[in-house]
Amino acid sequence: MSTPAIVLKSVVSIVGQFPVLAGVDLRVERGEVVVVEGPNGAGKSSLLRLCAGLLPVSRGEAQVAGYDLQEGRDGARKHIGLLGHSPALYDDLTVWENLVFHMKAARADPARIPMALERLGVGGRLESTRAGLLSAGQRRRVAIAFLVARHPEIWLLDEPHASLDAEGREMLGETVAQAAAAGSTVLIASHELEEALVLASRVVSISGGVVVGDGVTAASRIGSRAGTARFGAVAAGTGQILAEHSLHQDLLQAPVQGTDQEILRDSPQGLRPSEDGCNVA
Amino acid sequence: MLRDTLLVAGKDLRIELRSRVVINQMAPFALLVLVLFAFALGPDRNPLITAAPGLFWMAVLFSTMFAVQRSFSLESAEGLHDSMVLAGIDPAGFFAGKLLAIGCELFALEVLVTSGIIVLYGAHVKSPAELLVSGILGTVGLAAAGTIYGALVSGMRLRETLLPLLFLPVASPVLIAGTRAWQIGLQGNSSASSPWLGLLGAFAALYICAGIVLYGPMEDMK
C-alpha cells in the first residue's frame, strides 16, 4: 500500500510570532483531488505553502510525498508544483524562455513545453511574446502550463480560477482531471467553490488556521457570512448544492468529519437533502 | 552548482540585453561623472589624470549598487522566490550566477569608462596589465560583496537606502586598492602593484567564499 501524499498531524506553523496554522490535521491519499475552502485569512494559502515546504513546521508532524517536512524538506519539494497567487514569470523574457528557464531550474525536460502550452491555449505566436505583455489570464495559463510540462506528483493550486475566462476554467478542469487520472494528487485552495467542487472529490473547510470540516464525499461548508458558517451537502462531481444550513461559528469548534448521512444526522439543527435528493441521505 | 550558475547568469544577461535598463542608465551615469569632474577640475589635464584612478573606481562603485539593485528587482515579482526554492536551485549556484551577471555588466562598464578617461582626459596607459588585472579582481570583489548585501536587503522596505549604507563601507578596500593599482598602471611602475592586486584578490576570494557558504542560510531566514 502506497504512503499518503500528505499527512499533517496537529501541525502548527508560526511565522514571526503569528501562528498562521494552529493545529491542522489532514490526510490526503495519492490521486485525490481536494478543495480547501474557508474565509479570507483562514489559512488556505498557508496550508498550501506549508505543504510546499515554504512555511516552517513549528509543532506537530508533517509528511509530504513520503518526506518529513522538518528533515527532508528539499526531497519533498522535488515532487511539488505550486501555482501561487501570482504567476512566477519574468516580464522581459518570452513565454518560451520563461518556461525553459523554470524547467531547467527544476531539472525537468523542456521537451514537454510545446504540448503544455498547446493544451492551455497559449502556444503559437504567444510563445515568442514577452510575459510582461500578456493579460492576467494568459499569464495564469502559462503558469498552469508549467505545471503540466513539469507534471509533479503533488499539485498545489492557490486560487487557480483567478483571472481565467470560461475557456481557461474549462482547460483548468481538464488539466486537473488528467493530472488526477495520471495519479497526481491535487490540493486546490479556492473561494470559487462552484468551480472548484466540480474538480474535487473532497472538500476541506479551514478557519482560524484549523480544519473545521472535512467532507469526504462532498458534504462540507459552502460559505461564510457574518459569524456563521454555511454547511451543506454538495453533490460530488457536479458541485450542485443539495442541502445547506447555517451554523454559528461557536458550534464548529470540533472538526466535522464523516459521510453525508452522518453529517446530516449529527448536525445540531439537522441538514436535510434537497428535493432531488441525489446521492445524499 | 556550475549548471545553476550558468542558468541564472544566462537568464539575467538575457533580460538585461533585452530591457537595456542597466546599459541605458548605468553607462550614461558613469560617463556623466567623467564629464562633470572635467568641468569641476578645469581644462588642465594634469589634475584630471591624477584624479582619474579614484574617479574610475568611484564611478564603478556607485554603478555596482545600481546593478545589484536592478539584479534583485528582477526577482522581486511575487512568486519568483518561491519558484526558485521549489525548483531546488542550489543557493550557491544562484549566488554565483548573480555574481557572474553583475560582474559582466560591470566589466563592460569599466571598458567604457576607461575609454572615456583615455579619450576625454587624454590619459596614457603605460602598464595595461595592472589596469586589466585590477579591473577583473575589483569587479569580482564588488560583484560578490554587492550580491551578498543585495540579497540581504532584498524584500526589505528600505532596501534602496539600506544597500549603500551597508555596501559602501565594506567596499572601501576595493576603492583604495583599485585606485592604487590604477595609479601604478598609468605611471608604469609594475613592481609596486603586487600588494594592491593581492588585496583585491583577497577581498574577492573572501566574499566569494562567504557568498557560497552563507547564501543558502540567508535565503532560509527570509
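When you go through chain A residue by residue, the secondary structure sums to 8 helices and 14 strands. Out of the 281 residues belonging to chain A, those deemed buried represent 56%. Pairs at least 24 apart in sequence give 62% of the contacts found in chain A among residues at least 6 apart. Surface exposure of chain A reaches about 11,800 Å², of which carbon and sulfur atoms provide 50%.

As a further point, take the packing of aromatic side chains. Within this structure, the stated rule accounts for 6 aromatic pairs over all chains. With 5.7 Å between their ring centres and 80° between their planes, Tyr90 of chain A and Phe101 of chain A make a pair best called edge-to-face. Highlighted residues: Tyr90 of chain A in the loop between strand E6 (80–83) and helix H3 (95–105) and Phe101 of chain A in helix H3, separated in sequence by 11 residues. Overall, the relative accessible area of 2% leaves Tyr90 of chain A in the buried class. On the basis of relative accessible area, Phe101 of chain A is assigned to the buried category, the value being 5%. Arranged with centres 5.1 Å apart and planes meeting at 85°, the rings of Phe56 of chain B and Trp57 of chain B form a pair that is edge-to-face.

Bringing the interface of chain A and chain B into the picture now. Taken together, the contacts link 25 residues of chain A with 25 residues of chain B. Both sides of the chain A and chain B interface together cover about 2,100 Å² of buried area, and 60% of this is carbon and sulfur. Between the two partners, chain A and chain B, sit 5 salt bridges. The salt bridge involving Arg70 of chain B is made with Asp92 of chain A; its shortest N-O contact spans 3.7 Å. Across the contact surface, chain A and chain B share 8 residue pairs in polar contact (both at pLDDT 80 or more). Of all the secondary-structure elements, those providing two or more residues to the side of chain A that touches chain B are helix H2 (73–77), E6 and H3 of chain A.

If you look at the biggest cluster of nonpolar residues, it comprises 65 residues, and the most contacted ones within it are Ile117, Leu142 and Phe167 of chain B. When residues in this core are grouped by element, the largest group, 12 residues, is from helix H3 (residues 45–73) of chain B. Those residues in contact with Leu142 of chain B, other than ones at most four positions away along the chain, are Trp57, Val60, Leu61, Thr64, Phe167, Ala171, Val174 and Phe203 of chain B. Core analysis: the next-biggest nonpolar cluster, separate from the first, contains 41 residues, Val33, Met103, Trp155 and Leu197 of chain A among them.

Reading the values: the criteria
- Residues numbered from 1 in each chain as written.
- Chains lettered and ligands numbered in written order.
- Predicted model: local features only at pLDDT ≥ 70, side-chain atom pairs only at ≥ 80, totals over all residues.
- Heavy atoms only, no water.
- Helix = DSSP H or I, 4+ residues; strand = E, 2+ residues; numbered from the N terminus.
- Buried < 20%, exposed > 50% of the residue type's maximum accessible area, 1.4 Å probe, protein only.
- Contact = heavy atoms within 4.5 Å.
- Areas by Shrake-Rupley, 256 points an atom, 1.4 Å probe, with all protein chains shown as cover.
- Phe/Tyr/Trp six-rings, centres within 6.5 Å; stacked < 30°, edge-to-face > 60°.
- Buried area = accessible area lost by both parts, 1.4 Å probe.
- Salt bridge = Lys/Arg side-chain N within 4 Å of Asp/Glu carboxyl O.
- Polar contact = N/O pair within 3.5 Å; in protein donor to acceptor, adjacent residues only side chain to side chain.
- Core = buried A, V, L, I, M, F, W, Y, C linked by side-chain atoms within 4.5 Å.

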